[in-house]
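Observations on chain architecture
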Amino acid sequence: MKVLVIEDEKELSDSICAYLANEQFVCERTLDFDSSMEKILLYDYACIVLDVNLPGGSGLDILKELKNQNKTDGVLIISARNSLDDKVFALKTGADDYLTKPFHLPELAARVNAIIRRKSFDGKNEVICNELKLDLGEKNVMVNDNPVDLTKKEYELLLYFISNKNRVISKNAIAQHLWGDNMDVADSYDFIYTHIKNLRKKLILAGATDYIKSIYGMGYKFSI
Amino acid sequence: MKLFTKYSRINLLTTIIIFLLSATAFYFVIRYILINQVDNDLKIEEREIETYAKEHGTLPEPIPVKDQKISYALSDHDFKTRRFTTDHVEGEKDSFRILQFGITVKGNIYVATVAKSLEGTDALTRSILLISLATILLILATSLIVNRVVLKKLWQPFYSSLDALRNFRVDKKQSLNFPSTQIDEFTFMNQTIRKTTNQAQQEYSLLKEFTENASHEMQTPLAIIRSKLDLLIQDENLSEEQSKTMQSAYSAIEKLSRLNQSLLLLAKIENNQYADTTSINLKDKITEKLNAFHELWQNQNISVSSALQDARVNLNSELTDILLNNLLSNATRHNVSNGSINIILKETELEISNSSSEKELNSQQMFLRFFSQDKKRPYNGLGLPIIKQICDVSGLTIRYFFSNDQHKFTLSW
């Protein structure tokens, strides 16, 4: 699957590509408006990560052009502007999701994964990872076809881990994912610890492998 | 004390002293002149008696006149001096001016006493005194009234300017309207005030712009640092020591981006970017938040009780979210395990209280930016200022109470 990263800040673009590129994704990138326009017209992408402020034009114009061409590429807007109006406008114009800078790369990966899943959903809306099966519509989890009773946060956490498998996710990124920007409780990592402990316990009890590893207290890794 | 009162007091005191002094002096001068007059009359009488005695060789028969009495007495010694006195005479209620002089008739020495009533003089001085007192009072009263009316009118521009200045807000884009005045001092004062306030407004908006721009400019480098850290921790060869270092860097970045977000939010609120309001059902909003925080509280064993009535308030939707998030986050962060949070929503009031091991907040300073009672806490000191700022722009009144280790915030509208 191909992902296009349109971001004029080269360092950030580097990071995004380095993080996304794995066995699943091929990452392409452009740094300005004109070359981005050219790329989107020539090729199809599973997902486009689109910055709003670009040299030579606005990312939103690229989005409009995509819609005019009836292209079905998923679009994730990344922007430094975080007001509701900007988000609503971008989503109305046809973006699939909106992420405010500065973001955590695992968050970006999770959003890109979610967009691609939604776009390529062929009848069954589920994520399968070895013995784990997540039903995205019902928001429930099965281990070897046995249902596991997870809380809302535990479910979100598991999906987040699966979207970032084999990657170390920092506690900060997890906190932000679970509670967002506004809930200013992310400093207290005890909350995350409890959630992860409970999630692991429930999965192991249901007969799943213990995929979640703690990495020196710095973060966690879902390794397969 | 009002300027006018102070001025009147000084004015009144000096006027009274001057009038009293001049009235006293006036009284004595008039009395002196009048008595001098009487004395001259008495001297004429003396001369008449002496002439009569010389011509007739006998003393004139005293004719009883109402305001004049003459009497003679034999003296055994030579009485040469002439003596004026003022005294009361038996049987008369008025005081008399008395002249005594010696007179020799046929070898006999007599002391003649001529007394003239001072009734007229006394009456005159009394009325003069009364008139001057009345004048003093009249002048004082008039000057008081005139001063009051005139001064009030004169100072009117001053009070108008003060009023305009009282309504002045450095964060509002309004120029001050002063009534025009012909008094140079006030014109000068108004000019100075206008210049100073304009300058303050200008500098304030520059500062605000700077904060917003600085925060915006910081977003990209922060995003880069964060993304680099996210990549760096993927390295499988990181040692435990390095991981700890990474964690510190993460926390610092987290703090910085949170701080940045808060500053940006404050700048935006001040810039009126959240001006549009809708009628918000607070009960629904709070229920939504209770669901969002539910697991967090469960993990910490915090018991939450809520009593929610319907309440509709005109607020900005985004700000309401931030406000409730901040209030509930505070109640959670500063709580103790097995603690409690109470939420009561009434028609015109929202009350959120929580248990805590922390001592009472300083209500004078709690809403100041970057004020923190406990410097060791990891919070950036902008949580309460943001709450306060949102309340201020939304027309909510926030109050803080502390009792029995319970911190309580009450919002009313």
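Since the model is a prediction, treat every value here as computed from it, not as a measurement.

**With respect to the overall build of chain B**
Across its full length, chain B carries 7 helices and 11 strands. Taking all 413 residues of chain B together, the buried fraction comes to 40%. Restricting the contact set of chain B to residue pairs at least 6 apart, pairs at least 24 apart contribute 65%. For chain B, the computed accessible surface area is about 24,600 Å², with 56% contributed by carbon and sulfur atoms.

**Describing the overall build of chain A**
Summing up its helical and strand segments, chain A has 8 helices and 14 strands in all. For chain A, the proportion of its 224 residues judged to be buried stands at 54%. Within chain A, residue pairs in contact and separated by at least 24 positions form 58% of the contacts whose partners lie at least 6 positions apart. As displayed, chain A has an accessible area near 9,600 Å², and 48% of this comes from carbon and sulfur atoms.

**Structural notes on the environment of A:Gly217**
Here A:Gly217 shows up in the loop between strand 13 (212–215) and strand 14 (219–222). Relative accessible area serves as the criterion here: at 41%, A:Gly217 is assigned to the partly exposed category. Between the C-alpha atoms of A:Gly217 and A:Ser170, which are 47 residues apart in sequence, the distance is 9.0 Å. Dropping the residues within four chain positions of it, A:Gly217 is found in contact with A:Lys171 and B:Gln247.

**Regarding the interface of chain A and chain B**
Taken together, the contact pairs 48 residues of chain A with 42 residues of chain B. Summed over both sides, the interface of chain A with chain B buries roughly 4,100 Å², with 55% coming from carbon and sulfur. Applying the counting rule to chain A against chain B returns 2 salt bridges. A salt bridge links B:Lys228 to A:Glu11; its shortest N-O distance comes to 3.2 Å. If you look at where chain A meets chain B, you find 16 residue pairs in polar contact (both at pLDDT 80 or more). Within the residue set of the side of chain A that touches chain B, elements represented by two or more residues are helix 1 (10–20), helix 5 (105–119), helix 6 (152–163), strand 12 (168–170), helix 7 (171–179) and helix 8 (190–205) of chain A. It is helix 1 of chain A that contributes the most residues to the side of chain A that touches chain B, 6 residues altogether. Taken together, the residues of the side of chain A that touches chain B break down into 19 nonpolar, 15 polar and 14 charged.

**Observations concerning helix 4 (residues 240–270) of chain B**
One turn of the α-helix equals 3.6 residues, which is why residues spaced by three or four share an orientation. Here helix 4 of chain B contains 31 residues, and its C-alpha end-to-end distance of 45 Å stays within 8% of the 45 Å for a straight helix at 1.5 Å per residue. Count one or two residues on from helix 4 of chain B and you reach B:Asn272, which has phi positive near 60°.

**Let's talk about the sheet that holds strand 1 (residues 2–6) of chain A**
Residues and elements named next belong to chain A. Taken together, 5 strands build an open sheet; the order of strands is 2-1-3-6-7 and the sheet is parallel. Since the sheet does not close on itself, it has two edges, and those belong to strand 2 (26–30) and strand 7 (97–100), each with one partner. Adjacent strand axes in the sheet meet at a mean angle of 20° when their direction is disregarded. Against the sheet, helix 1 makes contact with strand 1, strand 2 and strand 6 (74–79), and its axis sits at roughly 170° relative to strand 2, the strand it touches most.

**Description of helix 3 (residues 59–68) of chain A**
All names here are of chain A. Burial in helix 3 covers these residues: Gly-59, Leu-60, Ile-62, Leu-63 and Leu-66. One face of helix 3 carries all of its buried residues, which in axial projection span an arc of 155°. The backbone nitrogen of Leu-60 has a side-chain oxygen 3.0 Å away, supplied by the residue at the start of helix 3, namely Ser-58. Downstream of helix 3 by one or two residues, Asn-70 has phi in the positive range, about 55°.

**Considerations on the pairing of strand 3 (residues 47–51) of chain A**
All names here are of chain A. Across the 5 residues of strand 3, 5 count as buried, placing the element largely inside the fold. The pairing of strand 1 with strand 3 spans 4 bridges and is parallel. In the sheet register, Val-5 faces strand 3, and the bridge partner there is Val-49. Relative to strand 6, strand 3 runs parallel, the two sharing 5 bridges.

**A closer look at the sheet that holds strand 1 (residues 68–74) of chain B**
Residue and element names in this part refer to chain B. Ordered in space as 1-4-3-2, the 4 strands form an open sheet in which the pairing is antiparallel. Only two strands of the sheet have a single neighbouring strand rather than two, namely strand 1 and strand 2 (83–88). The average angle at which neighbouring strand axes cross in this sheet is 25°, direction not considered. Where strand 3 (residues 95–105) lies against strand 4 (residues 108–117), 10 bridges are found, and the strand directions are antiparallel.

**Focus: a nonpolar patch on the surface**
On the surface, B:Leu144, B:Ile145, B:Val146, B:Val149, B:Val150 and B:Leu154 cluster together to form a nonpolar patch covering roughly 500 Å² of accessible area. For B:Leu154, a relative accessible area of 41% corresponds to the partly exposed category.

**Observations concerning the confidence of the model for chain B**
Low-pLDDT stretches of the model should not have their predicted coordinates read in fine detail. Taken as a whole, chain B shows an average pLDDT of 85; of its residues, 98% reach a score of 70 or greater. If you check the scores for this complex, the pTM reads 0.69 and the ipTM reads 0.88.

**What to know about the nonpolar core**
Core analysis: the biggest nonpolar cluster contains 76 residues, and A:Leu132, A:Leu134, A:Leu158, A:Phe161, A:Ile174, A:Phe222 and B:Phe409 have the highest contact counts within it. Mapping this core onto the domain boundaries places at least three of its residues in each of domain 2 (184–270) and domain 3 (278–412) of chain B. Once you skip the residues sitting within four places of it in the chain, A:Ile174 turns out to touch A:Leu157, A:Tyr160, A:Phe161, A:Ile169, A:Ile192, A:Ile196 and A:Tyr220. Counting residues in hydrophobic clusters, the runner-up holds 23 residues, among them A:Val3, A:Val49, A:Leu76 and A:Ile116.

**What about the pairing of strand 7 of chain A?**
Residue and element names in this part refer to chain A. What you see with strand 7 is no split at all: Asp-97 and Leu-99 on one side and Tyr-98 and Thr-100 on the other are buried throughout. Bridging between strand 6 and strand 7 involves 4 bridges; their strand directions are parallel. Across the sheet, Ile-77 pairs through a bridge with Tyr-98, a residue of strand 7. Assessed by its sense of winding, the connection that carries the chain from strand 6 through helix 4 (residues 84–93) to strand 7 is right-handed.

**Comments concerning the packing of helix 7 of chain A against helix 4 of chain B**
Between two packed helices, both the angle of their axes relative to each other and the distance between the axes serve to describe the pair. Contact geometry of helix 7 of chain A with helix 4 of chain B gives a least axis separation of 9 Å together with a crossing angle of 35°. Contacts between helix 7 of chain A and helix 4 of chain B involve A:Lys171, A:Asn172 and A:Gln176 from the first element and B:Gln247, B:Tyr250, B:Ser251 and B:Glu254 from the second. Looking at side-chain class alone, the contact of helix 7 of chain A with helix 4 of chain B contains 1 nonpolar, 4 polar and 2 charged residues.

**Concerning the pattern of salt bridges**
All names here are of chain B. Summed over the entire model, instances satisfying the criterion amount to 28 salt bridges over all chains. The closest approach of N and O atoms between Lys-285 and Asp-321, which form a salt bridge, is 3.3 Å. Of this pair, Lys-285 sits in helix 5 (residues 282–299) while Asp-321 sits in helix 6 (residues 317–333), and the two are 36 residues apart along the sequence. This pair shows no difference in class: Lys-285 is buried, exactly as Asp-321 is. Of the charged contacts in the structure, one is a salt bridge between Glu-349 and Arg-399, with a shortest N-O distance of 3.8 Å. Remark: Arg-399 occurs in strand 10 (residues 397–403) and Glu-349 occurs in strand 9 (residues 349–355); sequence separation between them is 50 residues.

Thresholds applied
Residues numbered from 1 in each chain as written. Chains lettered and ligands numbered in written order. Predicted model: local features only at pLDDT ≥ 70, side-chain atom pairs only at ≥ 80, totals over all residues. Heavy atoms only, no water. Helix = DSSP H or I, 4+ residues; strand = E, 2+ residues; numbered from the N terminus. Buried < 20%, exposed > 50% of the residue type's maximum accessible area, 1.4 Å probe, protein only. Contact = heavy atoms within 4.5 Å. Areas by Shrake-Rupley, 256 points an atom, 1.4 Å probe, with all protein chains shown as cover. Buried area = accessible area lost by both parts, 1.4 Å probe. Salt bridge = Lys/Arg side-chain N within 4 Å of Asp/Glu carboxyl O. Polar contact = N/O pair within 3.5 Å; in protein donor to acceptor, adjacent residues only side chain to side chain. Nonpolar A, V, L, I, M, F, W, Y, C, P; charged D, E, K, R; others polar. Expected span 1.5 Å × (residues − 1). Pairing = 2+ DSSP bridges. Axes fitted to C-alpha atoms, helices over the stretch in contact; angles between N-to-C directions. Arc of directions from axis to C-beta. Patch = residues over 30% accessible without salt bridge, like charges linked within 9 Å, V, L, I, M, F, W, Y side chains within 5 Å. pLDDT = per-residue confidence, 0-100. Core = buried A, V, L, I, M, F, W, Y, C linked by side-chain atoms within 4.5 Å. Domains from an automatic or database assignment. Right-handed = clockwise from strand over helix to strand, strands pointing away.

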